[in-house]
Protein chains: 2
Amino acid sequence: MVRWKPGSKERLQVAALELFAARGFEQTTAAEIAGAVGLTERTFFRYFSDKREVLFEGQESFMQTFVDGVNETPPDAAPLDFVANALGRAAELFPNERRGQSRTRQSVIDSHPALQERETHKMSNLAATIAGALHDRGIREPAASLAAESCVTVLTIAFAHWLRDGESRSMRDIFTEVLGELRNLSAGASSGTSSGASS
Amino acid sequence: MVRWKPGSKERLQVAALELFAARGFEQTTAAEIAGAVGLTERTFFRYFSDKREVLFEGQESFMQTFVDGVNETPPDAAPLDFVANALGRAAELFPNERRGQSRTRQSVIDSHPALQERETHKMSNLAATIAGALHDRGIREPAASLAAESCVTVLTIAFAHWLRDGESRSMRDIFTEVLGELRNLSAGASSGTSSGASS
């Protein structure tokens, strides 16, 4: 990773996360976020339409990363192989050094239903975008939608694992494990069920 | 199906759907819905906490149907076999004679973001409920969550197909087709991709 000195936008994002976590999302104003890094409220609104958007910035490039993974996949691959490549690309978006910040962001989102809905909407957009990219690569319905939704499911489950206290595996390793489990859902008790399943 | 004379609650539901579709959801009041079937606004609120709830009534028994399907599955089955049984049970909730009413309901939901969010929330609850039922049957994580999310994905995609103009297949047949496609996502071009995929 290239080291960079954060600009106003990045400083606002870091300050916002800290304030949301410390004081609560509702209780934090755009002016306070801006003030915390020596900027004006007007500057804040040059970068973000509202304080909620601080948490959801960069959505387009996030989605494009998955599309890039789809587009790099050989044309005769299986739908889940496109998904595997999309996740392989996306793993780069979750470097270990971001895990702490992601945990803070998630705790803020988890405590506000409106933010949870926004996150759900983001994931729904991502699934639609991936389905579109799969269509462009010749995958038919319903396979394209099933694969796209499966991709978002793996992402969501893997992300929750990645954020867990004490979890040290890379996102790439977790993606590999969860995708393997997905491929294995049709297999019987020996792989998918615990020993207690025979009760 | 047993024939029954609808009570106040059912009459309110039918009237609400008709009014939402004809005049718009926002433009329709609880008093107007009640008035359309000769009841008072007070009676309306005895059955529904608000007009939005008319569209989402019966959620608990809806979810229980999937749980019943999970619980009827032999203990050593594969995760997707539990899903197949849950969907098999759920197919009974979508009889052909309900298709018209379901189309109307969906068109109302599609035109209101707040209703879409409520529907998304309902599906998210359903996935959590199915995952819980799978845990109770001994399916471990992440297989249980993956299977539960896959169940909701198949439901959502199949439901959209079922509602299409000109679609005459039963929900059971559509579930079978979509679940078959899900099981086949790991297979290559011959099944999942169109002839155009080689371009």
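Just above sits the structure.
Presented here is a report on the structure given in the accompanying data block. (Residues numbered from 1 in each chain as written. Chains lettered and ligands numbered in written order. Predicted model: local features only at pLDDT ≥ 70, side-chain atom pairs only at ≥ 80, totals over all residues. Heavy atoms only, no water.)

## Digging into the nonpolar core
Point 1. Ranked by internal contacts, the top residues of the largest apolar core, which has 86 residues, are Phe66 of chain A together with Phe66 of chain B.
Point 2. Here phenylalanine 66 of chain B is in contact with Ala86, Leu87, Ala90, Leu126, Ile130, Cys151 and Leu155 of chain B, once residues within four sequence places are set aside. (Core = buried A, V, L, I, M, F, W, Y, C linked by side-chain atoms within 4.5 Å. Buried < 20%, exposed > 50% of the residue type's maximum accessible area, 1.4 Å probe, protein only. Contact = heavy atoms within 4.5 Å.)

## Focus: the packing of aromatic side chains
Point 1. Summed over all chains, the structure comprises 18 aromatic pairs over all chains.
Point 2. Aromatic pair phenylalanine 94 of chain B and phenylalanine 159 of chain B: ring centres 5.6 Å apart, planes at 55°, arrangement tilted. Taken together, the residues phenylalanine 94 of chain B in the loop between helix H5 (79-90) and helix H6 (99-110) and phenylalanine 159 of chain B in helix H8 (residues 143-163) connect sequence positions 65 residues apart.
Point 3. Residue phenylalanine 94 of chain B is classed as buried on the basis of its relative accessible area of 10%.
Point 4. The exposure class of phenylalanine 159 of chain B is buried, given its relative accessible area of 15%.
Point 5. Taken together, the ring pairs in this structure connect Phe62, Phe66, Phe94, Phe159, Trp162 and Phe175 of chain A into an aromatic cluster.
Point 6. Positioned over the ring face of phenylalanine 25 of chain A is lysine 51 of chain A, at 4.7 Å from the centre of the ring.
Point 7. A cation sits over an aromatic face here: lysine 122 of chain B above phenylalanine 62 of chain B, 4.8 Å from the ring centre. (Phe/Tyr/Trp six-rings, centres within 6.5 Å; stacked < 30°, edge-to-face > 60°. Helix = DSSP H or I, 4+ residues; strand = E, 2+ residues; numbered from the N terminus. Lys NZ or Arg CZ within 6 Å of the ring centre and 35° of its normal.)

## What to know about the packing of helix H1 (residues 8-23) of chain B against H6 of chain B
All names here are of chain B.
Point 1. Two numbers describe how H1 lies on H6: the axes approach to 9 Å, and their chain directions differ by 50°. Put simply, H1 runs oblique to H6. For the pair H1 and H6, the sense of crossing is left-handed. Contacts between H1 and H6 involve Val14, Leu17, Phe20 and Ala21 from the former and Gln101, Thr104, Arg105 and Val108 from the latter.
Point 2. Counted by class, the contact of H1 with H6 contains 5 nonpolar, 2 polar and 1 charged residues. (Axes fitted to C-alpha atoms, helices over the stretch in contact; angles between N-to-C directions. Parallel < 35°, antiparallel > 145°, perpendicular 65-115°, else oblique. Left-handed = near helix turned anticlockwise from the far one by under 90°. Nonpolar A, V, L, I, M, F, W, Y, C, P; charged D, E, K, R; others polar.)

## Some thoughts on the side chain of glutamine 59 of chain B
Residue and element names in this part refer to chain B.
Point 1. Positionally, glutamine 59 belongs in helix H4 (residues 59-71).
Point 2. Polar side-chain contacts of glutamine 59 include one of 3.3 Å to the side chain of arginine 118.
Point 3. Excluding anything up to four places from it in sequence, glutamine 59 contacts Arg118, Lys122 and Asn125. (Polar contact = N/O pair within 3.5 Å; in protein donor to acceptor, adjacent residues only side chain to side chain.)

## A look at the environment of alanine 131 of chain B
Point 1. Here alanine 131 of chain B lies in helix H7 (residues 113-136).
Point 2. Excluding its chain neighbours within four sequence positions, the residues that come into contact with alanine 131 of chain B are Ala144, Ser145 and Ala148 of chain B.

## Comments concerning H1 of chain B
Residues and elements named next belong to chain B.
Point 1. Here H1 contains 16 residues, and its C-alpha end-to-end distance of 22 Å stays within 8% of the 22 Å for a straight helix at 1.5 Å per residue.
Point 2. Within the span of H1, buried status applies to Leu12, Gln13, Ala15, Ala16, Leu17, Leu19 and Phe20.
Point 3. Looking at the packing, one finds that the buried side of H1 touches helix H2 (30-36), helix H3 (41-47) and H6.
Point 4. Glycine 24 sits one or two positions beyond H1 and adopts a positive phi of about 105°. (Expected span 1.5 Å × (residues − 1).)

## What about the environment of serine 170 of chain A?
Residue and element names in this part refer to chain A.
Point 1. With respect to the helices, strands and loops of the structure, serine 170 is situated in the loop between helix H8 (143-163) and helix H9 (171-183).
Point 2. The spacing of serine 170 and alanine 131 is 39 residues in sequence and 26 Å in space, taken between C-alpha atoms.
Point 3. Discounting chain neighbours no more than four positions away, the residues touching serine 170 are Asn96, Arg99 and Trp162.
Point 4. Among the polar contacts listed, one links the side chain of serine 170 to the backbone nitrogen of aspartate 173, at a separation of 3.1 Å.

## Focus on H6 of chain B
Point 1. Here H6 of chain B spans 16 Å end to end across 12 residues, near enough to the 16 Å set by a 1.5 Å rise per residue.
Point 2. Taken residue by residue, H6 of chain B has Arg99, Ser102, Arg105, Gln106, Val108 and Ile109 of chain B as its buried positions.

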